[in-house]
Amino acid sequence: MEGRCAVETWAVGLSGTSCTPRVKFGLGTDVLLCTGSDEVYVFSTQERKLTAVLQFPDPVSDLVGSHDKQLLYVACRSGVYCVSLQFQLSRAASSPADASSSLAELKIPSEFLVVAEEGVLSVLLVGSVFLTLSQTDTSWMLTLYKSSNYEMLSSFSLPLVSGVVRNDTEGKTAMRKRPVLICVHSNDATPPSSSEATLTDDHVRLEPVLFKLLFGVDAALAKSPVILCGLPDGCLCFLPLRLPGSRLRVLRSLEQPVVFVGASVVMERGPGHAQCLVAVGELGKVVLIKTDKGGSEGGGNRTGFIEGCVPGPVMCGCVDKNCLYYSTGSDLLVLDLSEGLSRREGQEKDEETSRKTEAALQSPTSLNVCRVAALAEPTCNTAGEVQLLGLSVRGQLQRITLPAGREDARLSKGPSALVGRSVGDLLSAIGDVCERASVLKTAIKSKNQILRHLNQVLNISFLLIASASSEEHLPIQEKPIRCHGVTSWSRLLQEDSLNLTCVLDNPSPYILERGWTLSIAVFPLSYPPSAGWESSSTNFSFPFHNLHPGETLEVSLPLAAAGEASFPMTVSCSLIFSLTSLLGEEAANLPGLQSRCISLPLNTLTVDWLHVLQVNSPTATHKKATSQSNNTTDSVQAFLRSRRVRCSGRGEGGGESASKPEREYSASIRVSSELLRDTLLLKSSDLDAHMPKWPPQNVGLSLLEWMLSEGPGGVTMGHQGDKIALSSSVVHARGPNGHTVKLTAKEVNVEEESTGKEESRTAVEVQVESSSIAAVCGLHHAVLRRVQTLLQRAPEKAASTKEVQSLGLRQVLQRAEHLLQQIQQSRISGAFGVGVSTGQVTRSLLSVYRELRENPLLIV
Amino acid sequence: MSDQMCQPLSLLYRWIQENNELVDKCKQQGGGDALSPDQNKTHLRWCSSEFHKLLKKIQGIPPLADYLQLELTVVYNACLCSTAQSQFSEAELLLTQATERVLQMTGDAPVASDPPVFWRTVLKSVGDTALNPCVLYLLCLQWAIWLSTCQLKTIQECQDELFSVFETLSTGVWDEGRSELRGKSSDIPLLVMDPRRLFELLQICTIIAQGAESLSEGRSSEALSGLQTASSLPAPRTLIAYTHLLSGSCLAHMSRPQMALQCYRKALETDSRCVCALYQSMLIYRQLGNTQAEIQALCLLHSTLMLPFATEPALAGTRLLSPSLLLRSQSLSSLLSVPSALSVLHNLALKCVHHERVSDGVEYYLDLLAVLHSEDQHGVHAEGPPLPSLPELYLQAGAALLMARRPADCMALCDEVITTTLELLPEKVVLEEPEEKCEAETRPLCAEGDDRVAMLLWAGAAYLLQGHCHTHLKDWKQAVTHYTRCFNLLVKVRFKKGSFQPQIPSTDMIGKQGTDLCILQRLKGLSLAGRGISFTQTDQLREALRDLQLSMQAFPECTSAGLWCGEVLWRLGRRWEAAACWEKTWSFTPQFSVESLSVYLQEPQSGPLLDSSELRRRIQELGPPLSA
């Protein structure tokens, strides 16, 4: 370990740099960290852990502790906050929530704002004066406040040197450079109050002669502290604090942003006499300012400026007795100041002096610690080792212990020691490079992953867009990715509810990866006029992980509880992809990105009455009916129904209606059995091989079976338990609103009357009967829909259609005309409201409707 | 609002409500004085932005007669807030936009940008409608902006229009409108500042600004008449005081100091915080040579400046638009400037020391030094002459202390100066007397050299004062040591004139008074004289004679050297020479007034003295010269 420095990482993961980070000693053994985010961390060096996090409303640019270590001044974008750290910590400790964890998180409210000056970059406290340095468009503003009541005392401005700053503007968005602000005291000036006796790192004592040379006799006589600013535009300027009429004056220009200003003893002449001011520029210019003894002419002391250059860029720096430590970001280096200066002393009259000094300044020694972004002042531990406290670029707090007696080791560099050290250096460098490489590798890998993901997404998008544009031409089965549904009734907690199981098929060659969401919108085809479309529509979304080609995804969603929804319902499916999932969590909290997603429509399903029928098995019918009639509400309803029937006074089957009040409304559809035979048989042989062969003689039964088991539009009806084997051509079932319905399919002969041929045709008449008109309407609609699809499948048969055209047309037309008259009459009476009540109108319309439904045309 | 009201009208009502709430808030803030200026500023900024927002909403609809009154009121409010924040261009833009909308409404074509013509057209196009007062208020604001940006000429050109504002206001249209509508106060848009107050403020501020302008241009009598009429106008005290002050300045320019003093007194009576009146009267006393009164005035001035309420409190009614915002002309601010308290204190101390009030002077000096060393001193800079540098002050204070017979304190101060400068003193320094012509150019170039010469002179003077102290204490040996140190320092200076070689300066090269060379020679003469006198006290007459003669060479006007030289000659038995020496010394008339030289460069009054009448008696006893 000889000649290598030990790096101890104390804390990690302090992130965010909008401003130059800062590490400071404060409050005894605590270290204050500010990384440029809106948080200030308090790290206890004794406990070796973070003890508190102070959260400010704005990004923090600088902080300074008061002399008695009680108060903390923090410069934010909106102004300067003053926080009593002890008080805050004790308050945090007393609150029970934080008692368990030792890390106190304190939100600093805006009541602690003491100076509402915007854009303060640096702050400094000198005695009872509080200084802020801020930048306006054209100048630097140094403002003095009374620290007791924050009354503004005075303000000084210095024009901005634009040349340097202009180069800087590109990087301005990335990081605001903080000017360096320190206070220089003359060493012979006794500290005016004991509080200033312990100087913090922002206060340096300078040898009196140099002080007088730099800042004038007046400042020395007034024993005034001098503020020294190193500005990002390269100016090094000073202001005697307590001198009447003093101005901010430029001491020297570095012509590059000043990164560090400090004072160093350099040569032992007396304890604590800083002989030399050091200023370091960002590009590596080092300026030493010291007293020159007896120049060639006139004698006396003069100010000497020694300029040198070290390989930049310099990110931060600090000095101890005679060394300048600075970090270039990739390495921490140490520059021995005394070496260069002592050589200069020795060869005073030599003309080559300055060149040699530069040479001396140009040979810094590497300490092999990388990525240090901020340094606190160096301390010496008991063993005489120099310890530095650094903050790495990635937010690690590091204690860097320099090997003791480094100088001696360097002087007696044996070759073996040299080799050992260089090997060690190389190893550490390799380790460093390796670490950096692995970070880069992971980054590349994750980006590749994202690209692959995006490729899949795009493929799928194009597939779906292409299919959407040609939707009209493609039948449903040919959609590349589609949904189909299965309805099923379930009974839970005495409540029947209808579930739709949607199955997403992925027959495409692409994987649906993470980030896709299946979105299903369910809305009734018709809705009550009171509720808008939006209110009656329900959206379900199902995010899923991976759906490989050929796989299916099954999701189940509740359609309705019994008696609530109105059918038929439209279920429209779409696939949604959100960009956020692609970019990961970092992007998730970016505003405006959440809503960025691609929505691709899939197909639309329709759930109609036939799908939601609960077919009673012949044995169960009676039981269910009785169990239902036990229900009190049902009995009341039955009573009401019977009342209504009596009032309506529809004569047909009066006795029947009295005994069976449910069967009140009916509708029927006639389909030619020839057509049915063709299509159903064709279907069974061609398309659906597993379907049992239907006996050709019972077409009605097979029609019913087909209607109940299969549906157009991809929705099928799921049956609880086994497939219901229909024993007869009469099906009793319950609709979603609880009403029983009866479906009858029987073969009838339709006679052709007009032509004398007396040719009878067989047709299947499907009759729907129910006590609920809604059920009858709904079922009629559903059955018609099915027959429609059936017709679409039917092979063209020109001959039969021609024959049928005249079949009973006249009769039908007559009936229709009659009905039309009735409708018109009722409409007129309804419109004028003459003598007829609305109830009557409704009734008459209803009867028309019934008549229409009950005497259907034959569908051939 | 009833349901029958159509939508736009209720919108109007809502806007009026919003405006009135804002005005209330704006005024409320002013009521509480407990707020810091910072908070006040923030509040004002907030009000301004709210008014601007409201205005944006209102200007979203085309200009209609119904709305325009409200709109112009909001423009007035927003504009006033902007002006109060010194955002003149923004305010002016608002005004232009508003007037353009007025023209749009009346259907007149937009006119030339020449301000008087423009406003004349606007006023004509509005005619006698209800909008007329509103437009006049806006004209008031335009006036305020012109005044703040020192466009006095434009104001003069528009005088007729501005006078019409006055007529409108005085005929009470505003009042009628108010009282008529007072019943339903929620229906009329309120204004943040009463236009009449604004008018009054603008009127007096304009007269003051114009007065200051004419005064600086030398048209004093012209300015005087205007100012005197203005002093009877209704206005805040501060402004009335200003009119008196400016009248005084006019009178002083017209060489009527007594009348000027009367005016200054009136100004002070009107507003006790009007320190510049005090300062101006002090200057007049100085001009008149009334030292006692001058000292009195300085004393008063200093104590007034030290009072805590140095800043003007907000004046009722003019809270938003402070007079200082309207009075920004260069000539006025130079008239109103007052030196800093420290500078006044220094002046006071110096005056006292020069005019036989040494003990007071010493106290003032000590006060001054105490202030300079206190931690509360924070480099506050003020206009006016800067204080002399600190070593200079130390030396002046030291000299005063010596005059007050406190040699120990004097020596302590001198020690301070010496320790501070000693390490920085050059081994050799060349004093370059700049050529008369290029004096200005070369000054900054040889600044460092000057600095070093000045430091050397300070150290020399400090040694000289220490020598004087020891003389005072009759510690002749120490006195000789310190005078010698002083002399040794002074000989390090070589003098270079033009392109000649540097040389030791001699008597015939005495330059203008106040230059480094003059001070150098004076110091040489005084130190040699001091050493010579000390030698006489220890009976080292030869050395004494040499020094005194050298002193008279370096600085011929040194009375003590001349007299003591004669005394030494007398004691050496060279009585005729002695008599000639005395006669010659008496014949010198001092070239420089006492006050023009630093105190520490004057001949000490504390050393051993020779009685002139005694000397004259001796000459008489000696009889007529042999040669005669």
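Residues numbered from 1 in each chain as written. Chains lettered and ligands numbered in written order. Predicted model: local features only at pLDDT ≥ 70, side-chain atom pairs only at ≥ 80, totals over all residues. Heavy atoms only, no water.

Attention now moves to the overall build of chain B. Looking only at helices and strands, chain B has 29 helices and two strands in total. Sequence separation of 24 or more characterises 69% of the internal contacts of chain B that already satisfy a separation of 6 or more. (Helix = DSSP H or I, 4+ residues; strand = E, 2+ residues; numbered from the N terminus. Contact = heavy atoms within 4.5 Å.)

Bringing the overall build of chain A into the picture now. Across its full length, chain A carries 21 helices and 45 strands. Here chain A, with 860 residues, has 48% of them falling under the buried criterion. The contacts in chain A between residues at least 6 apart in sequence include a share of 61% that link residues at least 24 apart. Put simply, chain A shows about 41100 Å² of open surface, and 55% of that area lies on carbon and sulfur atoms. (Buried < 20%, exposed > 50% of the residue type's maximum accessible area, 1.4 Å probe, protein only. Areas by Shrake-Rupley, 256 points an atom, 1.4 Å probe, with all protein chains shown as cover.)

Residues and elements named next belong to chain B. With 22 residues, helix 25 (residues 516-537) should cover 32 Å at 1.5 Å per step; its first-to-last C-alpha distance of 31 Å lies within 8% of that length. Along helix 25, 20 of the 22 residues are buried, which leaves the element largely enclosed by surrounding structure. In the stretch just after helix 25, D539 is the one whose phi turns positive, near 60°. (Expected span 1.5 Å × (residues − 1).)

Residue and element names in this part refer to chain B. Phi angles above zero are rare outside glycine, and C150 is one such case at about 60°. For K474, which is not a glycine, the phi torsion comes out positive at approximately 60°. Take K474: it is sitting in the loop between helix 23 (447-472) and helix 24 (476-490).

All names here are of chain B. L72, L198, L321 and Y365 are the most contacted members of the largest nonpolar core, which has 199 residues in total. Looking at which element gives the most residues to this core, the answer is helix 6 (residues 131-148), with 14 residues. When near neighbours in sequence (up to four residues on either side) are disregarded, L72 contacts A98, V102, L131, C134, V135 and L138. (Core = buried A, V, L, I, M, F, W, Y, C linked by side-chain atoms within 4.5 Å.)

Here we come to the pattern of salt bridges. On inspection of all chains with the given rule, the structure shows 30 salt bridges over all chains. By sharing partners, the salt bridges in this structure join D539(B), E567(B), R571(B), E614(B), R617(B), R618(B) and E621(B) into a single network. (Salt bridge = Lys/Arg side-chain N within 4 Å of Asp/Glu carboxyl O.)

The next subject is helix 10 (residues 195-216) of chain B. Residues three or four positions apart in an α-helix share a direction because the helix packs 3.6 residues into each turn. Residues and elements named next belong to chain B. Taking 1.5 Å per residue as the helical rise, helix 10 with its 22 residues ought to reach 32 Å, and the 31 Å between its terminal C-alpha atoms agrees with that figure. If you check the start of helix 10, you find a side-chain oxygen 3.0 Å away from the backbone N of R196, and it comes from D194. With its phi angle positive at about 90°, G218 sits one or two positions after the end of helix 10. (Polar contact = N/O pair within 3.5 Å; in protein donor to acceptor, adjacent residues only side chain to side chain.)

The subject of this paragraph is the side chain of S147(A). All names here are of chain A. The residue S147 is located in the loop between strand 13 (139-146) and strand 14 (152-159) in this model. Judged by relative accessible area, which is 18%, S147 ranks as buried. Dropping the residues within four chain positions of it, S147 is found in contact with Y73, L125, G127, S128, V129 and F130.

Residue and element names in this part refer to chain A. With respect to topology, four strands assemble into an open sheet ordered 20-21-22-23, the strand pairing being antiparallel. Only two strands of the sheet have a single partner each, and these edge strands are strand 20 (258-264) and strand 23 (302-309). The mean inter-strand angle of the sheet, taken between neighbouring strand axes irrespective of direction, is 20°. Inspection of the sheet shows strand 20 paired to strand 21 (residues 276-281) by six bridges, in the antiparallel sense. The residue of strand 21 that forms the bridge with V261 is A279. Strands strand 21, strand 22 (285-292) and strand 23 of the sheet are contacted by helix 4 (residues 208-215), whose axis makes an angle of about 110° with strand 22. (Pairing = 2+ DSSP bridges. Axes fitted to C-alpha atoms, helices over the stretch in contact; angles between N-to-C directions.)

Residues and elements named next belong to chain A. Across the seven residues that make up strand 12 (residues 129-135), a large majority, six, are buried. Counted along the chain from strand 11 (residues 120-126) to the antiparallel partner strand 12, the turn is two residues long, and its residue G127 has a positive phi close to 60°. As paired elements, strand 12 and strand 13 share seven bridges and run antiparallel to each other. Bridge assignment links F130 to a residue of strand 13, and that residue is Y145. With antiparallel pairing between neighbouring strands as the criterion, strand 12 and strand 13 make up a hairpin whose turn holds three residues.

The next thing to look at is the environment of L553(A). Residue and element names in this part refer to chain A. For L553, the position within the fold is in strand 36 (residues 552-561). Residues L553 and V503, 50 residues apart in the sequence, show an inter-C-alpha distance of 5.5 Å. Once you skip the residues sitting within four places of it in the chain, L553 turns out to touch C502, V503, L504, L518, F544 and L547.

Here the focus is the packing of aromatic side chains. Evaluated as defined, the whole model comprises ten aromatic pairs over all chains. When the centroid spacing of 5.6 Å and the interplanar angle of 65° are considered together, the rings of F56(A) and Y81(A) count as edge-to-face. Here the residue F56(A) occupies a position in the loop between strand 5 (49-55) and strand 6 (60-65), and Y81(A) occupies one in strand 8 (residues 80-84), the gap between them amounting to 25 residues. Taking the relative accessible area as the measure of exposure, F56(A) reaches 2% and is therefore buried. Look at Y76(B) and Y137(B): their rings are 6.0 Å apart centre to centre, the planes differ by 65°, and that puts the pair in the edge-to-face class. (Phe/Tyr/Trp six-rings, centres within 6.5 Å; stacked < 30°, edge-to-face > 60°.)

This part takes up the sheet that holds strand 14 of chain A. Residue and element names in this part refer to chain A. Here we have four strands laid out as an open sheet, ordered 11-12-13-14, and antiparallel in their pairing. The sheet is open, and its two borders are formed by strand 11 and strand 14, each paired with just one other strand. Looking at each pair of strands side by side, their axes are set apart by 20° on average, direction ignored. When strand 13 meets strand 14, the two strands line up antiparallel, connected through seven bridges. The residue of strand 14 that forms the bridge with S139 is P159.

Turning to the confidence of the model for chain A, a few remarks are in order. Residue and element names in this part refer to chain A. When the pLDDT values of chain A are averaged, the result is 71; 63% of them are 70 or greater. Least confident of the elements in chain A is helix 15 (residues 654-659), whose mean pLDDT is 37; most confident is strand 17 (residues 226-230), at 91. A low-confidence stretch, residues 165-174 stays under pLDDT 50, and its non-local contacts, those more than four residues away or across chains, total six contacts. Below a pLDDT of 50 lies the segment residues 192-198, which in the model reaches eight contacts outside its immediate sequence neighbourhood of four places, other chains included. (pLDDT = per-residue confidence, 0-100.)

Residue and element names in this part refer to chain A. For L498, the location among the structural elements is in strand 33 (residues 495-505). Among the residues examined, L498 registers a relative accessible area of 0% and is labelled buried. Spatially, the C-alpha atom of L498 lies 5.5 Å from that of L559, the residues being 61 residues apart in sequence.

Residue and element names in this part refer to chain A. Structurally, the position occupied by S61 is in strand 6. Overall, S61 belongs to the buried group, its relative accessible area being 0%. A polar contact is formed between the side chain of S61 and the backbone oxygen of V120, at a distance of 2.7 Å.

Turning our eyes to something else, we now look at a nonpolar patch on the surface. All names here are of chain A. On the surface, a cluster of nonpolar side chains totalling about 480 Å² of accessible area is made up of V419, V423, L426, L427 and I430. Tracing the sequence through the fold places L427 in helix 9 (residues 415-469). By relative accessible area, which is 55% here, L427 ends up exposed. (Patch = residues over 30% accessible without salt bridge, like charges linked within 9 Å, V, L, I, M, F, W, Y side chains within 5 Å.)

All names here are of chain B. Contact pair helix 4 (residues 88-106) / helix 6: the axes reach a minimum separation of 10 Å and the direction vectors enclose 155°. Considering their axes alone, helix 4 and helix 6 lie roughly antiparallel with respect to each other. Pair helix 4 / helix 6 crosses with left-handed handedness. Between helix 4 and helix 6, the residues in contact are F88, A91, E92, L95, A98 and M105 and L131, L138, L141, Q142, I145, W146 and S148, respectively. (Parallel < 35°, antiparallel > 145°, perpendicular 65-115°, else oblique. Left-handed = near helix turned anticlockwise from the far one by under 90°.)

As a further point, take the environment of N347(B). All names here are of chain B. Here N347 shows up in helix 18 (residues 341-354). Taking the C-alpha atoms as reference, N347 lies 8.9 Å from I295; in sequence the two are 52 residues apart. Not counting chain neighbours up to four residues away, the residues in contact with N347 comprise R286 and L298.

Attention now moves to the packing of helix 12 (residues 237-253) of chain B against helix 13 (residues 257-270) of chain B. Residue and element names in this part refer to chain B. Between helix 12 and helix 13, the shortest axis-to-axis distance is 8 Å and the interhelical angle comes to 170°. By the criterion of interaxial angle, the relationship of helix 12 to helix 13 is roughly antiparallel. Of the residues in helix 13, those touching helix 12 at R237, I240, A241, H244, L245, S247, G248, S249, L251 and A252 are M259, A260, C263, Y264, K266, A267, E269 and T270. Looking at the contact of helix 12 with helix 13, its residues break down into ten nonpolar, five polar and three charged. (Nonpolar A, V, L, I, M, F, W, Y, C, P; charged D, E, K, R; others polar.)

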